[in-house]
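# Examining the three-dimensional arrangement
As a plain string of letters, each chain reads:
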Amino acid sequence: MLIEYGNTVVLPTWELNEEVPTGYSRIYYVTEGDVTYEAADVRRTLKPGFLYALPSTLPYHVWRDKRKDFACTYLHVDFSKFRVNDLIELSVEEDTCLCVFIRTVAKAISEKRIELLEQLAEDFSYFLRESENFIPNSQMLTTVQKYILRHISEELTIESLSGLFNYHPNYFIRLFRRETGYTPYQYIVQQRMQYAVTQLNRGLPNEEVCYACGYTDSSTFTRAFRKYYGVAPQKYRKGFRKP
């Protein structure tokens with residue numbers, strides 16, 4: 001699922017400090033600048049001319065060198081059948097399929113071809129599959145994700161999810177966290193917020209997005225959205241976004 005996208009030069013103060021796994025992967029094709037990525041005991045520099053997929057199952061910290069502009073084409077993607085367990089780096093050579101693919105993505109972004117971008121985002125999985133850090137989801141996680149998306153506008157509980165497998169809720173929570181790095185409740189929130197962004201990007205009014213994501217009132221939805229993305233839905237719609 002495509003969540004966000006852009007061709008951008010980020011602000012000097014740009015920084016990401018994800019204290020819990022995001023559940024989706026940020027994909028950057030760096031065209032200019034130096035960016036530092038840090039997760040656990042690993043520190044890497046993201047370099048121009050390379051494509052990076054940031055992990056969906058790990059906390060991480062990313063910041064730019066304030067002396068140099070950081071320019072990139074980016075996508076935020078929740079790969080429905082895969083997860084990214086660690087940083088993936090791909091060299092983008094001239095006149096290769098990957099190079100042409102990224103140029104197509106950048107052009108689709110500039111022309112706001114949303115349906116094309118959604119398909120291209122899913123197709124990125126083709127280039128990531130050779131990496132040992134691009135892991136197929138288990139049947140359990142795939143089933144849970146499909147169930148949440150089908151019932152995203154309804155009340156979702158741990159009991160209803162664990163009941164899909166006839167598991168005790170406590171056992172289900174432990175099993176789910178062991179596989180993903182976060183709790184089922186955190187995953188439900190992630191899926192609701194990601195779905196909200198896709199609907200905002202399609203131009204739906206805030207109130208419609210609120211109910212479509214399973215919230216019963218706009219104030220609760222706005223608080224949850226601000227906590228997750230750092231801005232209210234209204235500001236997000238106006239372009240106050242973080243690549």
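Computed from a predicted model, the values in this text were never measured in an experiment.

## So, the overall build of the chain
A tally of regular secondary structure across the chain gives 10 helices and 11 strands. In terms of overall dimensions, the chain is globule-like: its C-alpha atoms have a radius of gyration of 18 Å, near the 18 Å expected for 243 residues. When the backbone C-alpha atoms are referred to their principal axes, the chain occupies close to 50 × 40 × 30 Å. Here the chain holds 243 residues, and 49% of them are scored as buried. Relative to all contacts within the chain whose residues are 6 or more apart in sequence, the contacts with residues 24 or more apart total 73%. Averaged over its 30 positive side-chain charges, the chain has a centre that lies 4 Å from the centre of its 30 negative ones.

## Points about the sheet that holds strand β4 (residues 35-39)
Taking strand neighbours across the sheet as the criterion, the 4 strands line up as β2-β7-β4-β5 in an open arrangement whose pairing is antiparallel. Two strands bound the open sheet, and with one partner strand each, they are β2 (15-18) and β5 (42-46). The average undirected angle you get between the axes of adjacent strands in this sheet is 15°. The sheet contact formed by β4 and β5 spans 5 bridges and is antiparallel. By the bridge assignment, A39 is partnered in β5 with V42.

## Describing the sheet that holds strand β6 (residues 50-53)
Spatial strand order, β1-β8-β3-β6-β10: 5 strands in an open sheet with antiparallel pairing. Unpaired on one side and paired on the other, β1 (2-9) and β10 (88-91) mark the two borders of the sheet. Within this sheet the neighbouring strands show an average axis-to-axis angle of 15°, counted without direction.

## Some points on the confidence of the model for the chain
On average, residues of the chain carry a pLDDT of 91, and 98% of them reach 70 or more. Ranking the elements of the chain by mean pLDDT puts helix α10 (residues 233-237) last with 82 and β6 first with 97.

## Some thoughts on the side chain of Q145
With respect to the helices and strands, the residue Q145 is situated in helix α4 (residues 139-150). If near-sequence neighbours (up to four positions away) are discounted, Q145 is found in contact with D78, S80, Y187 and Q191.

## Quick notes on the pattern of salt bridges
Applying the stated criterion across every chain, the model contains 11 salt bridges. Notably, a salt bridge pairs E111 with R113, separated by 3.6 Å at the nearest N-O pair. For E111, a relative accessible area of 41% translates into the label partly exposed. Residues E118 and R202 are paired through a salt bridge, measuring 2.5 Å at the closest nitrogen-oxygen approach. Of this pair, E118 sits in helix α2 (residues 114-123) while R202 sits in the loop between α7 (184-201) and α8 (206-212), and the two are 84 residues apart along the sequence. For E118, a relative accessible area of 25% corresponds to the partly exposed category. Via salt bridges that share partners, K107, E111 and R113 belong to a single interconnected network.

## A short note on the pairing of strand β7 (residues 60-64)
A one-sided burial pattern is seen for β7, the buried positions being Y60, V62 and R64 and the unburied ones H61 and W63. Sheet topology note: the β2/β7 ladder contains 4 bridges and is antiparallel. Paired with L16 across the strands is V62, a residue of β7.

## Considerations on the packing of α4 against helix α6 (residues 169-180)
Think of two packed helices as two axes; the pair is described by the angle between the axes and how far apart they sit. Close contact between α4 and α6 brings their axes to 11 Å; oriented N to C, the two are set at 105°. As the angle between them shows, α4 and α6 are arranged roughly perpendicular. Packed against α4, whose contacting residues are M140, L141 and V144, the element α6 presents F172, L175, F176, E179 and T180 at the interface. Partitioned by chemical class, the residues of the contact of α4 with α6 number 6 nonpolar, 1 polar and 1 charged.

## Re the side chain of S162
Among the structural elements, S162 can be located in helix α5 (residues 158-162). Leaving out residues up to four positions away in the same chain, S162 has contacts with Y167, H168, P169 and F172.

## Overview of the packing of α4 against α7
At a minimum axis separation of 11 Å, α4 and α7 run at an interaxial angle of 50°. Judged by the inter-axis angle, α4 sits oblique to α7. Crossing of α4 over α7 shows right-handed handedness. Residues L141, V144, Q145, I148 and L149 of α4 form the contact with α7, whose own contacting residues are Y187, I188 and Q191. The residue makeup of the contact of α4 with α7, split by class, is 6 nonpolar, 2 polar and no charged.

Parameters at a glance
- Residues numbered from 1 in each chain as written.
- Predicted model: local features only at pLDDT ≥ 70, side-chain atom pairs only at ≥ 80, totals over all residues.
- Heavy atoms only, no water.
- Helix = DSSP H or I, 4+ residues; strand = E, 2+ residues; numbered from the N terminus.
- Rg over C-alpha atoms; globule rule 2.2 N^0.38 Å.
- Buried < 20%, exposed > 50% of the residue type's maximum accessible area, 1.4 Å probe, protein only.
- Contact = heavy atoms within 4.5 Å.
- Lys, Arg positive; Asp, Glu negative; His and termini not counted.
- Charge placed at Lys NZ, Arg CZ, Asp CG, Glu CD.
- Pairing = 2+ DSSP bridges.
- Axes fitted to C-alpha atoms, helices over the stretch in contact; angles between N-to-C directions.
- pLDDT = per-residue confidence, 0-100.
- Salt bridge = Lys/Arg side-chain N within 4 Å of Asp/Glu carboxyl O.
- Parallel < 35°, antiparallel > 145°, perpendicular 65-115°, else oblique.
- Nonpolar A, V, L, I, M, F, W, Y, C, P; charged D, E, K, R; others polar.
- Left-handed = near helix turned anticlockwise from the far one by under 90°.

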